[in-house]
Protein chains: 2
Amino acid sequence: MRSSLETVQSLLFTRDMLDPDNPTLFNAIHEQPALFITTRTVHALHGGRLEQYLDRHGLSRAAWVQVLPFSERTKELPMVVAICEAASALGLGRRARIVGFGGGVCTDLCGMAAAIYCRGISHLKIPTTLVGLVDAGIGVKNAVNLHGSKSRLGTFHPPEASILDPRFLSTLDARHLRCGLAEMVKVAITCDPALFELLETHGTDLLASGFTHPASAGELAIRLAVKGMLRQLAENLFEVSTYERAMDFGHTFSPHLETVSRNTLLHGEAVAIDMAMSTLIAQRKGVLAPPEAERILRLLRRLQLPVSSPFAELAGLGASLRTVVAHRNGRLNLVLPAGIGSHTFLREAESLDTACLAGVLEELGGPDA
Amino acid sequence: MRSSLETVQSLLFTRDMLDPDNPTLFNAIHEQPALFITTRTVHALHGGRLEQYLDRHGLSRAAWVQVLPFSERTKELPMVVAICEAASALGLGRRARIVGFGGGVCTDLCGMAAAIYCRGISHLKIPTTLVGLVDAGIGVKNAVNLHGSKSRLGTFHPPEASILDPRFLSTLDARHLRCGLAEMVKVAITCDPALFELLETHGTDLLASGFTHPASAGELAIRLAVKGMLRQLAENLFEVSTYERAMDFGHTFSPHLETVSRNTLLHGEAVAIDMAMSTLIAQRKGVLAPPEAERILRLLRRLQLPVSSPFAELAGLGASLRTVVAHRNGRLNLVLPAGIGSHTFLREAESLDTACLAGVLEELGGPDA
């Protein structure tokens, strides 16, 4: 028996979604029951305006806002169950939708809850962080940890729509902005030299201003990052056709770094360290010229992203690659920059010897130096 | 962004899968890591032969058998987590598969675990019950209860293959055989008059003999039931195109009956009562002639299936329909027999008045009589 499931996902770019005159959210909800799930921080910053918006548009009768204590530590199945219980307590059926309004942890947990509630209901993602805008909030994947084991559980469950509003970034702290920039740098290095130049030119200003100055550069950078990400994902959306994925750049060593740091390293910080390591591996393997490697490291440093960490130690990193190889169908598939805006793969685990990894860690100034 | 996910599901009919010379299971595993999940009962009956089979075919190095305490009461998310933890403890990656070897609860829980482990891995279903062979073991849906709320969580995650072996039925007790027959009767009434006649002629013998006598009639009945079920499901496999589903026959009142009975009524028994109720409703609505209604009730009784229960009381059933309507997009969509082998729908909740329901319960001899 052959079957096929088709999905359509809308990306709704907007400015100031919560402006009562902005129709984007109203149109996206179109009067179906909606359970908004948000975080304490987002609720404190935007909860009042959200409720005013829902009132103004007559949505309050069939829209509910639930605040949950999200964090990387609570990104586990019980939090998914809490969302499903909230939906069940409201008697929501299959035509209802879950709206994740927050950072990547929030939108991931909401996507997972929507994937399993009544065998899958619609969900909307409204990312409020830069990571959310350019990565977690636009993808079709969601993930939760299993007793701390990073992203061990999850589903592919495309959101019906993602509402992308850079206005939320103006209240975001610098550290979380930097994490989003790391994901944008990932796209820039692997497939978009224009985005790379944009980040070289305006990255520090955007970081300092919460993406409000220069606003046009900020919006353009977000659009390019989203476009690059989706172009890469589109050909292999459910990851069934190949295990070579450009968007895994920066995501080979980073899961281990996050885990051993007990999440004191944020995802984007771990990705930055991984990209720095991969850049120097590319240089040592002869696929990236030294000036280009230097240019990448310079951008990471300029954006105040870490390129090394006490948690980046040889034995642990080496051991962690076994899990990566299992996840990638027996191959390493380490993404390496092959210039600014292009990439290649180090396919076999055997190609990455301990001496090379040790040399890279030493050069970056980690604890093995 | 538009995307499409295509799946192919194989139905492998076989006789005596655990015969060392039977290649079906070996071919289905084809040397990828496999975690077999089974029940205590199935392990006691067939665990020894399964392990011999795996040894004989050199699969023992990458196949593991885990026994878990399954029941309708433990059909909750923690049991799904237990399966994922077993997979995680073995270090299984995305190329591994989970093999559910047991009844419908076991194969459902395995399907759900496979749906969320590493964002979805392959799974095989090897049903050992008649319900499994003709229903739970061939569908693409799985479900778990949420704090007892029936099937509140679940996913659509087609198995890579289902191995259908009637040999397992010879050790099944009569009560569970009857439950499977109820699902076969469902297919027969809604869309297959030949299957209905086959069950009229051979049903009691098949029940008495564990489907071994007459063996050819048993196999034919199973094939017809599977074929009818899949033909109905195929047009609307992910339940996105319509909320009118013939295979919901017997599944409107039954979830409530199962819940209030605290699962002392088995699923198939509740389905039988629901079918009897729907049959008399059809007669009262004038869509089914009295002799055909009588013929349906006679078959249910001949197969020793219940047509009434103390749990089938008016107030509770009436209230439960609100949940059904929410689940079916605001409509009742009660499936009614419109002859032997055809069906229609009672679409609007308002069409089913209390007097009609009370009359039907009285006629069937429930507590409201």
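Residues numbered from 1 in each chain as written. Chains lettered and ligands numbered in written order. Predicted model: local features only at pLDDT ≥ 70, side-chain atom pairs only at ≥ 80, totals over all residues. Heavy atoms only, no water.

**Focus: the overall build of chain A**
When its secondary structure is counted, chain A shows 13 helices and 11 strands. Since a compact globule built from 369 residues should have a radius of gyration of about 21 Å, the 20 Å found for chain A is in line with a globular shape. When its C-alpha atoms are laid out on the principal axes, chain A stretches across 65 × 50 × 40 Å. Counting every position in chain A, which comprises 369 residues, the buried fraction comes to 59%. Counting contacts in chain A only where the partners sit at least 6 residues apart, residues at least 24 apart contribute 76% of the total. Accessible surface, chain A as shown: approximately 13,800 Å² in total, 51% of it carbon and sulfur. Between the averaged position of the 35 positive side-chain charges in chain A and that of its 37 negative side-chain charges there is a distance of 3 Å. (Helix = DSSP H or I, 4+ residues; strand = E, 2+ residues; numbered from the N terminus. Rg over C-alpha atoms; globule rule 2.2 N^0.38 Å. Buried < 20%, exposed > 50% of the residue type's maximum accessible area, 1.4 Å probe, protein only. Contact = heavy atoms within 4.5 Å. Areas by Shrake-Rupley, 256 points an atom, 1.4 Å probe, with all protein chains shown as cover. Lys, Arg positive; Asp, Glu negative; His and termini not counted. Charge placed at Lys NZ, Arg CZ, Asp CG, Glu CD.)

**With respect to the state of the cysteines**
Scanning all chains against the criterion turns up zero disulfides over all chains. In this model C179(A) remains outside any disulfide bridge; the closest cysteine sulfur is found in C106(A), 17 Å from its own. Residue C179(A) is classed as buried on the basis of its relative accessible area, which comes to 3%. Free cysteine: C84(B), not disulfide-bonded; nearest cysteine sulfur from C118(B) at 8.6 Å. For C84(B), a relative accessible area of 0% puts it in the buried group. (Disulfide = S-S within 2.5 Å.)

**Focus: the environment of P193(B)**
All names here are of chain B. Tracing the backbone through its elements, the reader meets P193 in helix 7 (residues 193-209). Distance in space between the C-alpha atoms of P193 and A115 is 36 Å, their sequence separation being 78 residues. Those residues in contact with P193 that sit more than four places away from it in its chain are A188, I340 and G341.

**Some remarks on the packing of helix 12 (residues 314-327) of chain B against helix 13 (residues 354-364) of chain B**
Residues and elements named next belong to chain B. Closest axis-to-axis distance for the helix 12/helix 13 pair is 10 Å, and the angle between their directions is 130°. In this view, helix 12 runs oblique relative to helix 13, as classed from their interaxial angle. Between helix 12 and helix 13 the crossing geometry is right-handed. Facing helix 12, whose interface residues are L314, L317 and G318, helix 13 presents T354, L357, A358 and L361. Looking at the contact of helix 12 with helix 13 residue by residue, the classes come out as five nonpolar, two polar and no charged. (Axes fitted to C-alpha atoms, helices over the stretch in contact; angles between N-to-C directions. Parallel < 35°, antiparallel > 145°, perpendicular 65-115°, else oblique. Left-handed = near helix turned anticlockwise from the far one by under 90°. Nonpolar A, V, L, I, M, F, W, Y, C, P; charged D, E, K, R; others polar.)

**Some thoughts on unusual backbone geometry**
Residue and element names in this part refer to chain A. Looking along the chain, the bond that leaves H213 and enters P214 is cis, with omega of -10°. Topologically, P214 is positioned in the loop between helix 7 (193-209) and helix 8 (215-234). The phi angle at R119 is positive, at roughly 60°, despite the residue not being glycine. Inspection of the secondary structure assignment puts R119 in the loop between helix 4 (104-116) and strand 6 (122-127).

**Quick notes on helix 13 (residues 354-364) of chain A**
Residues and elements named next belong to chain A. When we look at burial in helix 13, the residues that qualify are C356, L357, G359, V360, L361 and L364. Residues of helix 13 that are buried make contact with helix 10 (267-284), helix 11 (290-302) and helix 12 (314-327). Within two residues after helix 13, G365 carries a phi angle of roughly 90°, on the positive side.

**Let's talk about the sheet that holds strand 6 of chain A**
Residues and elements named next belong to chain A. A sheet is described by the order of its strands in space; here six strands give the open sequence 2-9-6-5-3-4, paired in parallel fashion. Looking at the sheet topology across the chains shown, the edges are occupied by strand 2 (10-13) and strand 4 (63-68). Strand-to-strand, the axes of this sheet are offset by a mean angle of 20°, without reference to chain direction. Across five bridges, strand 3 (residues 34-39) lies against strand 5 (residues 97-102) in parallel orientation. By the bridge assignment, F36 is partnered in strand 5 with V99. Against the sheet, helix 2 (residues 40-56) contacts strand 3, strand 4 and strand 5, and its axis sits at roughly 150° relative to strand 3. (Pairing = 2+ DSSP bridges.)

**Here's the deal with the pairing of strand 4 (residues 63-67) of chain B**
All names here are of chain B. Across five bridges, the pairing between strand 3 (residues 34-38) and strand 4 is parallel. Paired with A34 across the two strands is A63, which belongs to strand 4. Crossover handedness for the path strand 3 to helix 2 (residues 40-56) to strand 4: right-handed. (Right-handed = clockwise from strand over helix to strand, strands pointing away.)

**A word on the pattern of salt bridges**
Under the defined criterion, the tally for this structure stands at 34 salt bridges over all chains. Of the charged contacts, one joins K75(A) and D108(A) as a salt bridge, the two residues approaching to 3.3 Å between their closest N and O atoms. Of the two residues, K75(A) sits in the loop between strand 4 and helix 3 (77-89) while D108(A) sits in helix 4, which places them 33 residues apart along the sequence. Residue D16(B) pairs with R167(B) through a salt bridge whose shortest N-O separation is 3.7 Å. With D16(B) in the loop between strand 2 (10-13) and helix 1 (24-29) and R167(B) in the loop between strand 9 (161-164) and helix 6 (174-191), this pair connects stretches of sequence that are 151 residues apart. Judged by its relative accessible area of 11%, D16(B) falls in the buried class. Residue classification places R167(B) among the partly exposed positions, given a relative accessible area of 49%. Here the salt bridges share partners, and the residues they tie into one network are D16(A), R49(A) and R167(A). (Salt bridge = Lys/Arg side-chain N within 4 Å of Asp/Glu carboxyl O.)

**Concerning the environment of H30(A)**
All names here are of chain A. Inspection of the secondary structure assignment puts H30 in the loop between helix 1 (24-29) and strand 3. The class of H30 is partly exposed, set by a relative accessible area of 43%. C-alpha of H30 to C-alpha of L59: the two residues are 29 residues apart in sequence and 8.9 Å apart in space. Residue contacts for H30: discarding those within four places in its chain leaves R97 and E160.

**Digging into the confidence of the model for chain A**
Residues at a pLDDT of 70 or more form 95% of chain A, whose mean pLDDT is 92. Predicted as a complex, the structure gets a pTM of 0.84 and an ipTM equal to 0.80. (pLDDT = per-residue confidence, 0-100.)

**Looking at helix 6 of chain B**
Since there are 3.6 residues in each turn of an α-helix, residues three or four apart along the chain are aligned in direction. The end-to-end C-alpha distance of helix 6 of chain B is 26 Å, a good match for the 26 Å that 18 residues give at a rise of 1.5 Å each. The N-cap residue of helix 6 of chain B is D173(B): its side-chain oxygen and the backbone nitrogen of R175(B) are 3.1 Å apart. (Expected span 1.5 Å × (residues − 1). Polar contact = N/O pair within 3.5 Å; in protein donor to acceptor, adjacent residues only side chain to side chain.)

**Quick look at the environment of S261(A)**
All names here are of chain A. Secondary-structure assignment places S261 in the loop between helix 9 (254-260) and helix 10. When the C-alpha atoms of S261 and S308 are compared, they prove to be 13 Å apart, with 47 residues separating the residues in sequence. Looking at S261, its side chain comes within polar contact range of the main-chain nitrogen of N263, at 3.2 Å.

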